[in-house]
Amino acid sequence: MRKNLIHKKTFAFSLEIIELYKELIEEKEYILSKQLLRSATSIGANVIESSAAQSKRDFIAKMSIASKEARETKYWLMLLQESSLSQLNFEFYLIEIEVIIKILTSIIKTAQENLNK
């Protein structure tokens, strides 16, 4: 169930970030927006890759990469929010990425615990 939730959440988040990216480009913000687009869409890609993991360790590794990408995404969002590069409101995205980070952390922790059993 959690796996399906994280698949859906990361895919939906990627779509939201693509729309945000378009808005940032309209504001002529090209540098951070590109970094944000890359890291945010990478989260879901790694989550999907974890579905084809060859072992529990491989699954944990893929989910860990997704978690790192989520944290990087949060960083870019915080930079955009705190800088004067954009007048957009990033609160929704910051809340969403925090939820995704918590879910990924929980999945990784559970998988590690099951690995050690």
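Within each chain, residues carry numbers counting from 1 in the order of the written sequence. This being a predicted model, a pLDDT of at least 70 is required before a residue's local features are given, and a value of 80 or more before pairs of side-chain atoms are given or counted; all residues contribute to the totals for chains, interfaces and linings. Hydrogens are left out, water is left out, and the side-chain values use all remaining heavy atoms of the structure.

### Examining the overall build of the chain
Next up, step 1: For helices the rule is a DSSP run of H or I covering at least 4 residues; for strands it is a run of E covering at least 2, with both sets numbered from the N terminus onward. Counting secondary structure elements, the chain contains four helices and zero strands.
Next up, step 2: Reading the helices (α) and strands (β) of the chain from amino to carboxyl end gives α-α-α-α.
Next up, step 3: As defined in this context, the radius of gyration uses C-alpha atoms, and a globule is described by 2.2 Å times the residue total to the power 0.38. Rg of the C-alpha trace for the chain: 15 Å, near the compact-globule value of 13 Å for 117 residues, within the 12% margin.
Next up, step 4: Over its C-alpha atoms, taken along the principal directions, the chain stretches across nearly 50 × 20 × 20 Å.

### Concerning the nonpolar core
Side chains of a nonpolar character, in soluble globular proteins, are inclined to be buried together.
Next up, step 1: What makes a nonpolar core is a set of buried Ala, Val, Leu, Ile, Met, Phe, Trp, Tyr and Cys residues whose side-chain atoms join them at distances within 4.5 Å. For every residue, the accessible area obtained with a 1.4 Å probe (protein chains only) is divided by the maximum for its type, and the residue is called buried under 20%, exposed over 50%, and partly exposed between those limits. One finds Phe13, Leu77 and Leu104 to be the most contacted residues of the largest nonpolar core, which totals 31 residues.
Next up, step 2: Looking at this core, the elements with two or more residues in it are helix H1 (2–26), helix H2 (31–50), helix H3 (56–82) and helix H4 (91–115).
Next up, step 3: By residue number, the principal contributor to this core is H4, which donates 10 residues.

### Observations concerning the packing of aromatic side chains
For any pair of aromatic rings, geometry is given as the distance between the ring centres together with the angle between the planes.
Next up, step 1: Here is the rule: rings of Phe, Tyr and Trp (six-membered ring for Trp) pair when centre to centre is within 6.5 Å. Planes less than 30 degrees apart are stacked, more than 60 are edge-to-face, and the remainder are tilted. Under the definition given, this model contains two aromatic pairs.
Next up, step 2: Summarising the aromatic geometry, the rings of Tyr75 and Trp76 are spaced 5.2 Å apart at their centres and angled 65° between planes, so their arrangement reads as edge-to-face.
Next up, step 3: Overall, the relative accessible area of 13% leaves Trp76 in the buried class.
Next up, step 4: Judged by centre distance (5.2 Å) and plane angle (80°), the ring pair of Phe92 and Tyr93 falls under edge-to-face.
Next up, step 5: The class of Phe92 is partly exposed, set by a relative accessible area of 42%.
Next up, step 6: On the accessibility criterion, Tyr93 (9% relative accessible area) is buried.

### Examining the pattern of salt bridges
Next up, step 1: The working definition used for a salt bridge is a side-chain nitrogen of Lys or Arg within 4 Å of a carboxyl oxygen of Asp or Glu. Here the structure, examined in full by the defined rule, presents five salt bridges.
Next up, step 2: Its salt-bridge partner being Lys62, residue Asp58 comes within 3.7 Å of it at the nearest N-O pair. In this pair, Asp58 and Lys62 both sit in helix H3, four residues apart, roughly one turn of the helix.
Next up, step 3: A salt bridge links Lys74 to Glu98; its shortest N-O distance comes to 2.6 Å. Remark: Glu98 occurs in helix H4 and Lys74 occurs in helix H3; sequence separation between them is 24 residues.
Next up, step 4: For Glu98, a relative accessible area of 25% puts it in the partly exposed group.
Next up, step 5: Through salt bridges with shared partners, a single ionic network connects Glu49, Asp58 and Lys62.

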